[in-house]
Amino acid sequence: MSQNNLPPVWNRVGKHAVFPEAKHDEIARYNFLANLNRYLSSVVSPGNKIAYEKRVRPAFQQECDRDFETRKEVHEAMKKDTYYQTWSALRRSAMEMRQQAGRSLVLRQADELAEKANHLNQGKDTLKLDPDLEIPNYVRVVDHHCMPGSYYTELIEGDVTAAANYDSGLFVTTTGLLGRMNDGGGRAIANWLKTEQQQFQPKRILDIGCGLGHNVLPIAQAYPDAEIIAIDVAAPMLRYGHARAQDLGVNNVTFIQMDGANTGFADESFDWIQTTMFLHETSNKSLHKIVAEIYRMLKPGGLTLHIEQPQYTEDMDLYEQFIRDWDAYYNNEPFWSKMHDIDVKKLTIQAGFNENSFIQIGVKGVNDLSEGQQADEKMQDYGRSPVWNVFGAWK
């Protein structure tokens, strides 16, 4: 792997008041894992396609007297191949090691992080938590990305460790491709709207499944006069995200703990409703409820957009579908396949949107750590698309 293809060092990640402090060995672990992920992505992963074309596919054709018809058939055949087994095991191990490294980093300073967050959050009416909110079952049953307790588990009073782990470790998982503040998705959609939809000036914006708020802050910065509401079911994420926003000087975002499938907001009360890499972590039943809720809450002339990985379509090669589906089998993303199989245009129309108002575009990722290379040339983590897949509709 050439030096030009190395990920940026972890020290270049953007810091803020609640970002966990790291010691020398902790930084070294993160840098090692980022390099391992980049190596698996750029050097080892392409060998899977060679194994598929040279061994697995010809053997299947000879045995079955036909070609593959589904990505599941490709998966069943490929998982018997030793090369794929090795790459897959290494990738899973890298994710587990990344979680171990992140959790050891944040758990040793859990009390200090909670205190820092509380100092920034105390007395602010822009953070609204609901201790009685029932965590949806589809969230409770999954340790997303091998993160023990997922996004919502609280270990101490005022806990923010899940969010601190996620924030500090995104650099490792994406090998720095989301930029200094891990906000490449939010920046991408804000830039697209500012460039391509200059007449659109939203005054009230809702971000559903905001997590720690890293993708909603660029939106808030792009539209400083707008009222932004960011919702999530996970209190640790909201505490951390609100404190993060306060320290970064972004004060037009209110963080609220609620379920996107049943918000209670008034009909036609938002100009723009956004999700970013959220829908693939949502059950099929809740996904349809959320899109219907979005239609109800959106004003006439309003816009909804959703940033995701590309959908599986008949035009997408079966191997491409198979390799993207790795997360569904081995990265604790049980809803990944179902969501990417959905006809998103049909989903949008079923919720009430007009067919002619449907939007599906690609937007270039924004990466201020790219060191001279274009983000779309570098955002190829494990064979994924160099651009974000965005779909939605005007109402």
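Quick caveat: nothing in here was measured; it's all calculated off a predicted structure. Think of each chain on its own: its residues are numbered from 1, step by step along the sequence as written. Per-residue local features are limited, in this predicted model, to residues with pLDDT of at least 70; the limit for side-chain atom pairs, both in listing and counting, is 80 or more; totals at the level of whole chains, interfaces and linings are taken over all residues. The side-chain numbers reported here are obtained from all heavy atoms of the structure, hydrogens and water having been left aside.

## Looking at the pairing of strand S4 (residues 253–257)
Note on classification: 1.4 Å probe, protein chains only; a residue is buried when its accessible area is under 20% of the maximum for its type, exposed when over 50%, partly exposed between these limits. Think of it this way: any DSSP run of H or I at least four residues long counts as a helix, any run of E at least two long counts as a strand, and we number them from the N terminus. S4 sits mainly inside the fold: five of its five residues count as buried. Burial of the side chains of S4 extends over both faces: Val 253, Phe 255 and Gln 257 are buried on one face and Thr 254 and Ile 256 on the other. Across two bridges, the pairing between strand S1 (residues 127–128) and S4 is parallel. By the bridge assignment, Lys 128 is partnered in S4 with Ile 256. Pairing of strand S3 (residues 227–232) with S4 involves five bridges; the strand directions are parallel. Two strands are counted as paired when DSSP detects at least two bridges linking them.

## Describing unusual backbone geometry
Most peptide bonds adopt trans geometry, and most residues besides glycine take a negative phi value. Backbone geometry at Cys 146 places phi at a positive 65 degrees, although glycine is not the residue there. For Cys 146, a relative accessible area of 11% puts it in the buried group. The backbone of Met 277 shows a phi angle near 50 degrees, a positive value even though the residue is not glycine. With respect to the helices and strands, Met 277 occurs in the loop between strand S5 (270–276) and helix H11 (284–297).

## Brief notes about the layout of surface pockets
Definitions used for this entry: grid spacing 1 Å over protein atoms alone; cavity, a set of points where a 1.4 Å probe fits but cannot get out; pocket, an open set with protein on both sides within 12 Å along at least 5 of 7 lines; lining residue, one with an atom within 4 Å of a point. Grid points are joined across faces, edges and corners, and a volume is the space filled by probe spheres set on the points. One number sums up the size of the second largest pocket: a volume of about 170 Å³. Taken together, Val 56, Ala 59, Phe 60, Glu 63, Cys 64, Glu 73, Glu 76, Ala 77 and Lys 80 make up the lining of the second largest pocket. Within the residue set of the lining of the second largest pocket, elements represented by two or more residues are helix H2 (46–64) and helix H3 (71–78). Here the lining of the second largest pocket gets five residues from one element, more than from any other, and that element is H2. Tallied by class, the residues present in the lining of the second largest pocket amount to five nonpolar, no polar and four charged. Here the nonpolar group is Ala, Val, Leu, Ile, Met, Phe, Trp, Tyr, Cys and Pro; Asp, Glu, Lys and Arg are the charged ones; every other residue, Gly included, is treated as polar.

## Overview of the environment of Leu 279
Within the element layout of this structure, Leu 279 appears in the loop between S5 and H11. Distance in space between the C-alpha atoms of Leu 279 and Arg 66 is 35 Å, their sequence separation being 213 residues. Contacts between residues were defined by any pair of non-hydrogen atoms, one from each residue, lying within 4.5 Å. Non-local contacts of Leu 279, meaning those with residues more than four positions away in its chain, are made with Leu 287, His 306, Glu 308, Met 339 and Phe 391.

## Describing the packing of helix H1 (residues 24–44) against H2
To get an axis, a line is fitted to the C-alpha atoms, and for a helix only the part in contact is used. The angle between two axes follows their N-to-C directions and goes from 0 to 180 degrees. For the pair H1 and H2, interaxial distance at closest approach is 5 Å and the crossing angle is 35 degrees. Where H1 approaches H2, its residues Ser 41, Ser 42, Val 43 and Val 44 are matched on the opposing element by Pro 46, Gly 47 and Asn 48. Split by residue class, the contact of H1 with H2 holds three nonpolar, four polar and no charged.

## Some remarks on the sheet that holds strand S6 (residues 298–308)
Taken together, the eight strands give an open sheet; going across it, the order is S1-S4-S3-S2-S5-S6-S8-S7, and neighbouring strands pair in mixed fashion. In this open sheet, the two edge strands, each paired with only one partner strand, are S1 and strand S7 (358–364). Where strand S2 (residues 204–208) meets S5, three bridges bridge the pair, whose relative direction is parallel. Across the sheet, residue Leu 206 finds its bridge partner in S5, namely Ile 273. Taken strand by strand, H11 contacts S2, S5 and S6, and its axis lies near 150 degrees from that of S6.

## Some words on the side chain of Asp 325
Examined against the element boundaries, Asp 325 turns out to sit in the loop between helix H12 (318–324) and helix H13 (326–330). Under the rule applied, a polar contact is a pair of N or O atoms within 3.5 Å (in protein, one hydrogen donor and one hydrogen acceptor; residues adjacent in sequence only if both atoms are side-chain atoms). Polar side-chain contacts of Asp 325 include one of 2.9 Å to the side chain of Tyr 312. Once residues within four sequence positions are removed from consideration, Asp 325 is found in contact with Arg 71, Tyr 312, Trp 336 and Ser 337.

## As for the nonpolar core
Definition of nonpolar core: a set of buried residues of the types Ala, Val, Leu, Ile, Met, Phe, Trp, Tyr and Cys, connected through side-chain atoms within 4.5 Å. Of all hydrophobic cores here, the largest spans 79 residues; its most connected members are Val 253 and Trp 272. Apart from residues lying up to four places away in sequence, Trp 272 is in contact with Ile 189, Leu 193, Phe 200, Pro 202, Arg 204, Ile 205, Leu 206, Ile 219, Tyr 223, Leu 298, Leu 303 and Leu 305. Within the second largest apolar cluster, 33 residues are counted, among which are Ile 229, Ala 261, Ile 294 and Phe 335.

## Notes on the pattern of salt bridges
What counts as a salt bridge is simple: a side-chain nitrogen of Lys or Arg found within 4 Å of a carboxyl oxygen of Asp or Glu. For the structure on display, the rule yields 22 salt bridges. Across the pair Arg 57 and Asp 67 runs a salt bridge, and its minimum N-O distance is 2.5 Å. Placement of Arg 57 in helix H2 and of Asp 67 in the loop between H2 and H3 is noted, with a sequence separation of 10 residues between them. Judged by relative accessible area, Arg 57 falls into the partly exposed class, the value being 24%. For Asp 67, a relative accessible area of 27% gives the class partly exposed.

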